[in-house]
Amino acid sequence: MQNLSSLIQDAAKKLLEEKKVDLVIGFEQGSLPLRSTPYFARTPEEAGNLIWNSTCENNLANYLRKRSDKVAVVAKGCDVRSIVALIKENQINKDNLYIIGIPCSGMIDQNKVNAAVEEKDIVEAIDNGEQIVIKGAGYEKTVAKADVIHDFCAGCKYGNPVIYDELIGEKVPEKSGDDYADIVEFEAKPAAERQAYLAAEMSKCIRCYACRNACPMCYCTECFVDCSTPEWISKSIDTGDNLIFHAVRALHTAGRCVDCGACVRACPMGVDISKLTRKLAKDVKQLFNYEAGVNLEDKPALSTFTPDDPETFLVKE
Ligand code: SF4
Ligand code: SF4
Ligand code: SF4
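Residues numbered from 1 in each chain as written. Chains lettered and ligands numbered in written order. Predicted model: local features only at pLDDT ≥ 70, side-chain atom pairs only at ≥ 80, totals over all residues. Heavy atoms only, no water.

K.L.:
Kindly report on the overall build of the chain, identifying the contributing residues and their values.
P.N.:
The secondary structure content of the chain amounts to 10 helices and eight strands. The C-alpha radius of gyration computed for the chain amounts to 21 Å, which stays within 12% of the reference 20 Å derived for 317 residues, consistent with globular compactness. The principal-axis extent of the C-alpha atoms belonging to the chain is close to 65 × 50 × 45 Å. Here the chain holds 317 residues, and 46% of them are scored as buried. (Helix = DSSP H or I, 4+ residues; strand = E, 2+ residues; numbered from the N terminus. Rg over C-alpha atoms; globule rule 2.2 N^0.38 Å. Buried < 20%, exposed > 50% of the residue type's maximum accessible area, 1.4 Å probe, protein only.)

Printed below as a string of structure tokens:
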């Protein structure tokens, strides 16, 4: 990981020195152990602050829409999928973007780490590649990274960026396809059980909109939840309105969601939003054989149709 950080710093420094870009967007060390934070390096000196490790979880495509400056971005597999999807939606001008692609084997789930140390304060953490040594007041614990990897990452088959201008690090082994086993299992439950599960999850939501703000594909100038005429949902927190927010958001990202998990990771309340987002991703894959952001050529699933589409509204009598 240290080596990757150095290589990223060197690449960023060179791009800035040669004035190929105005800015390199990556990560810097956070103020707490096992935390990193998005970082904007504008000078070769600032490039020295860039890091890479398994806490670089934010989806940096979020910072790339509608920019007029020349930008380089340090991008893992799911960031690049978002970039591809946003290029197709004319939100990113690829001519102004330089992608420093990083093969990714997964980011750690802070909740799993906290559970592993029984919610004790973490004072220091040493990332040894396969293991993380965590230290706090009066304790030291070594956890296998595989045990604390985020659920989204465990099933990810696009850890290797699908496009890049420069690749840093060795490609990770290809994984077999996502079989959406979690969604298949959920779909098999009785309707009442699914309804109760979603109601329980929605009751935790405080409608802070961190999930929406962390999502690179949620970029409407005015989100429907912020409209006042008409007021689609109440401003107060209500389980039913919470579900409307999440269901509509999932529908708005249908065929566009890249399954990065940024929305889930951003949630301070641990709401399981993935049952909705991944359900839509599964249906789009099954119905249209389409996955968002995996190549620049395919037309977005919901922007096209075939003449033999079984939906009658497409048939001219
Ligand atoms: S979803 Fe894939 S690319 Fe994204 S952080 Fe997880 S493993 Fe890496
Ligand atoms: S699901 Fe989580 S992040 Fe999203 S609005 Fe609710 S509390 Fe906030
Ligand atoms: S809805 Fe969530 S998983 Fe899908 S692209 Fe947005 S942040 Fe990523």
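K.L.:
Would you mind going over helix 2 (residues 77-88) in detail, with residue names and values included?
P.N.:
The end-to-end C-alpha separation of helix 2 is 17 Å, in line with the 16 Å expected for 12 residues at 1.5 Å each. Within helix 2, 11 of the 12 residues are buried, which leaves the element mostly enclosed by the surrounding structure. Those residues of helix 2 lying buried are Gly 77, Cys 78, Asp 79, Val 80, Arg 81, Ser 82, Ile 83, Val 84, Ala 85, Leu 86 and Ile 87. Its buried side turned inward, helix 2 meets strand 3 (71-75) and strand 4 (97-101). Immediately downstream of helix 2, the backbone of Asn 90 shows phi near 60°, a positive value. (Expected span 1.5 Å × (residues − 1). Contact = heavy atoms within 4.5 Å.)

K.L.:
Which residues make up unusual backbone geometry, and what are the values?
P.N.:
The phi torsion of most residues other than glycine is negative, and most of the peptide bonds are trans. In this structure, the amide linkage connecting Thr 229 to the following residue, Pro 230, adopts the cis form with an omega of 0°. As for its placement among the helices and strands, Pro 230 is situated in the loop between helix 7 (210-214) and helix 8 (239-252). Although it is not a glycine, Tyr 180 adopts a positive phi angle of roughly 50°. Relative to the helices and strands, Tyr 180 is located in the loop between strand 8 (166-167) and helix 5 (181-187).

K.L.:
Give me the lowdown on the pattern of salt bridges, citing residues and values where you can.
P.N.:
Opposite charge on two side chains permits them to pair, given that their charged atoms come into close proximity. Enumeration over the complete set of coordinates arrives at 20 salt bridges. A salt bridge links Lys 14 to Glu 18, with the shortest nitrogen-to-oxygen separation between them at 3.7 Å. Since its relative accessible area comes to 48%, Lys 14 is described here as partly exposed. A salt bridge links Arg 278 to Asp 259; its shortest N-O distance comes to 2.6 Å. In this pair, Arg 278 is assigned in helix 10 (residues 274-288) and Asp 259 in the loop between helix 8 and helix 9 (262-266), connecting sequence segments 19 residues apart. Comparing Arg 278 with Asp 259 shows no difference in burial state: the two are buried. Linked through salt bridges whose partners overlap, the residues forming this network are Glu 187, Lys 279, Lys 282 and Asp 283. (Salt bridge = Lys/Arg side-chain N within 4 Å of Asp/Glu carboxyl O.)

K.L.:
Can you lay out the site of ligand 3 for me, pointing to particular residues and giving the numbers?
P.N.:
Around ligand 3, a shell composed of Cys 215, Arg 249, Cys 257, Val 258, Asp 259, Cys 260, Gly 261, Ala 262, Cys 263 and Thr 277 is seen. When each cavity is represented as a set of grid points, ligand 3 is found to reside in the largest cavity. Taken together, the residues of the shell around ligand 3 sort by class into six nonpolar, two polar and two charged. (Near = heavy atom within 4 Å. 1 Å grid on protein atoms, 1.4 Å probe; cavity = no way out; pocket = protein on both sides within 12 Å on 5 of 7 lines; lining within 4 Å. Sits in = over half its atoms within 2 Å of the grid points. Nonpolar A, V, L, I, M, F, W, Y, C, P; charged D, E, K, R; others polar.)

K.L.:
Requested: an account of the environment of Phe 305, with residues and values cited.
P.N.:
Its location among the elements puts Phe 305 in the segment after helix 10. Sequence separation between Phe 305 and Phe 288 is 17 residues; the distance between their C-alpha atoms is 9.4 Å.

K.L.:
Requested: an account of the packing of aromatic side chains, with residues and values cited.
P.N.:
Given two aromatic rings, their pairing is described by the distance between the two centres and the angle made by the two planes. Taken as a whole and judged by the stated rule, the model has four aromatic pairs. Judged by centre distance (5.4 Å) and plane angle (90°), the rings of Phe 40 and Tyr 63 are edge-to-face. With a gap of 23 residues between them, Phe 40 in strand 2 (residues 36-41) and Tyr 63 in the loop between strand 2 and strand 3 connect regions that are remote in the sequence. The exposure class assigned to Phe 40 is partly exposed, which follows from its relative accessible area of 26%. A residue is classified by how much of its surface remains accessible, and Tyr 63, at 34% relative accessible area, is partly exposed. Ring centres 5.5 Å apart and planes at 65° place the aromatic pair Phe 186 and Tyr 197 in the edge-to-face group. Placement of Phe 186 in helix 5 and of Tyr 197 in helix 6 (residues 191-204) is noted, with a sequence separation of 11 residues between them. With a relative accessible area of 9%, Phe 186 lands in the buried category. Residue Tyr 197 is classed as partly exposed on the basis of its relative accessible area of 29%. Above the plane of the ring of Tyr 139 lies Lys 120, whose end atom (NZ or CZ) is 5.0 Å from the centre. (Phe/Tyr/Trp six-rings, centres within 6.5 Å; stacked < 30°, edge-to-face > 60°. Lys NZ or Arg CZ within 6 Å of the ring centre and 35° of its normal.)

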